[in-house]
Amino acid sequence: MRTLTKIIIVSIAVAFIAVKWSTPSFEPESLRGARVLVTGASTGIGEQMAYHYARFGAQIVITGRKEKMLQQVVDKCLSLGAQKALYIAADMATESEPDKVVDFSLEQLGGLDYLVLNHIGSTPFSMWKGDIEHIRWLMKVNFYSYVQMAWRALPSLEQNKGSLVIVSSLAGKISTPLSAPYVATKSALNGFFGSLQHELAMTNSNVSLSVCSLGLIDTESAMNKIKGILTNIAASPASEAALRIIQTGATRQAELYYPWDVFYMVFFKDWIPSLTNYYTRSLFNYKP
Ligand SMILES: NC(=O)c1ccc[n+]([C@@H]2O[C@H](COP(=O)([O-])OP(=O)(O)OC[C@H]3O[C@@H](n4cnc5c(N)ncnc54)[C@H](OP(=O)(O)O)[C@@H]3O)[C@@H](O)[C@H]2O)c1
């Protein structure tokens, strides 16, 4: 047992060092003038990504439904140094809107170097009570619109050696309770874009595809949702998460796990599922 523990610890250390060693370094200058579309950027991680891209001197289009908030984010982006900052209001549950957003960005920026898909529809943090309509709607917002926008933007990304960045979740890798519809949409994203990663590699595409698996992040919407239920877990800062996502796209990495322990949760899930499941449930302060 002792030997096994040593082997596990050494393997983890070697894997960690290997990943750190092989990651190309991030050059902020590479983002100056870059043409970026970030979805779900009126609040939360998307908003923080918009501010980072602005500081790096990028040209940005942001989207969400709430025009007033989008306008405020755009104003702040311009004051932070964005070369260009525009918004387009769109509801991703409406079939025509994802294409409209990509077309607007292509037209206004003259092409795209980064497409960062980040928006999510609101979903209750509770036991599933059989609401199928909600799952259909959430799939449209969290999954189908991602696929549609990726397809629409691919020719421009291909032409510009661009990057497609998918903001996913630990919940796309490990099923968590009280969030079945959300888990379904994030698992769909991981599955679909995992396949697309293979296809881009097999066709020697110019496009890099990054899938970002995030743990709990301290955005207002997430914190309100988990209040009193997920009490034993610390949330990581949205600004740091946003920066790590941007760096992952800019350095053309296939994956991001943030914070670092997300990687180990995923790593151990297949080795010792019963322990991972026990640990997952233990985080939830749920009394029926
Ligand atoms: N926060 C976390 O703990 C956490 C953990 C793991 C993964 N993530 C992932 O990180 C990403 C961002 O999360 P967040 O916490 O920053 O979310 P958030 O603060 O709730 O922001 C969601 C964004 O999506 C937009 N949105 C909502 N419904 C929409 C719709 N129907 N059509 C178009 N846009 C819509 C919202 O803008 P409007 O309201 O203006 O439409 C907002 O800008 C998500 O992909 C999430 O799954 C977050």
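Refer to the structure presented above.
Starting from 1, residues in each chain are numbered consecutively following that chain's sequence as written. This being a predicted model, a pLDDT of at least 70 is required before a residue's local features are given, and a value of 80 or more before pairs of side-chain atoms are given or counted; all residues contribute to the totals for chains, interfaces and linings. Note that water and hydrogens are dropped before the side-chain values are worked out from all heavy atoms of the structure.

Q: Quick rundown of the site of the ligand? Include the residues and the values.
A: Working definition: residue near molecule or strand if any one of its non-hydrogen atoms lies within 4 Å of it. Contacts to the ligand come from 30 residues, most closely from R65, K66, Y182, T219 and S221. Each polar contact in these results corresponds to two N or O atoms within 3.5 Å; when the atoms are within protein, one needs to be able to donate a hydrogen and the other to accept it, and residues that are neighboring in sequence are counted only if both atoms are side-chain atoms. Here an oxygen atom of the ligand sits 2.8 Å away from a polar atom, N or O, in the main chain of I217. One nitrogen or oxygen atom from the side chain of S221 is found 2.8 Å from an oxygen atom belonging to the ligand. Starting from 890 Å² of accessible surface for the ligand in isolation, the protein chains cover 93%. Contributions of two or more residues to the shell around the ligand are made by α2 (44–55), α5 (132–159), β5 (163–169), α6 (180–202) and α7 (220–226). Here a helix means four or more residues in a row that DSSP labels H or I, a strand means two or more in a row labelled E, and each is numbered from the N terminus. Among the elements that line the shell around the ligand, the one with the most residues is β5, at 3 residues. Nonpolar residues are Ala, Val, Leu, Ile, Met, Phe, Trp, Tyr, Cys and Pro. Charged residues are Asp, Glu, Lys and Arg, and all others, Gly as well, are polar. Across the shell around the ligand, the residue classes break down as 13 nonpolar, 13 polar and 4 charged. Accessible surface is estimated by sampling points in the Shrake-Rupley manner with a 1.4 Å probe; for residues, cover comes only from the protein chains shown.

Q: Break down the side chain of H119 for me, citing the residues and quoting the values.
A: Residue position: H119 is located in the loop between β4 (114–117) and α5. Only protein chains enter the calculation, and the probe is 1.4 Å; a residue is then buried if its accessible area is under 20% of its type maximum, exposed if over 50%, and partly exposed in between. Looking at H119, the relative accessible area reads 7%, which means it is buried. A distance of 2.8 Å separates polar atoms of two side chains, one belonging to H119 and the other to T39. By the convention used here, residues are in contact when the closest approach between their heavy atoms is within 4.5 Å. If sequence neighbours within four positions are ignored, H119 has contacts with T39, G40, M92, V141, N142, S145, Y146 and M149.

Q: Tell me about the pattern of salt bridges, residues and numbers included.
A: For this document, the term salt bridge refers to a Lys or Arg side-chain nitrogen within 4 Å of an Asp or Glu carboxyl oxygen. For the structure on display, the rule yields 8 salt bridges. Note that R136 is salt-bridged to E133, the shortest N-O span being 2.7 Å. Of the two residues, R136 and E133 both sit in helix α5, 3 residues apart, roughly one turn of that helix. When salt bridges that share partners are traced, they join D99, D103 and R152 into one network.

Q: Can you tell me about α2, naming the residues and giving the values?
A: By this rule, a helix spans an expected 1.5 Å times one less than how many residues it contains. With 12 residues, α2 extends 17 Å from end C-alpha to end C-alpha; this agrees with the ideal 16 Å at 1.5 Å per step. Among the 12 residues of α2, 9 are classified as buried, and the element is accordingly described as predominantly covered. All of the buried residues in α2 are I45, G46, E47, M49, A50, Y51, H52, Y53 and A54.

Q: Would you mind going over the packing of α2 against helix α3 (residues 67–80) in detail, with residue names and values included?
A: Where α2 contacts α3, the two axes come as close as 8 Å, and the packing angle between them is 25 degrees. By the angle between their axes, α2 is roughly parallel relative to α3. In this structure, α2 crosses over α3, and the sense of that crossing is right-handed. Contacts between α2 and α3 pair E47, A50, Y51, A54 and R55 from the former with V73, K76, C77 and L80 from the latter. Angular values range over 0 to 180 degrees, each being the angle between N-to-C directions of two axes fitted as lines to C-alpha atoms, with helices fitted over their stretch in contact. What sets the label is the angle itself: under 35 degrees gives roughly parallel, over 145 gives roughly antiparallel, 65 to 115 gives roughly perpendicular, and the rest give oblique. Handedness of a crossing follows from how the near helix is turned relative to the far one, being left-handed for an anticlockwise turn of less than a right angle and right-handed for a clockwise one.

Read these as layout, nothing more, since geometry by itself doesn't imply function.
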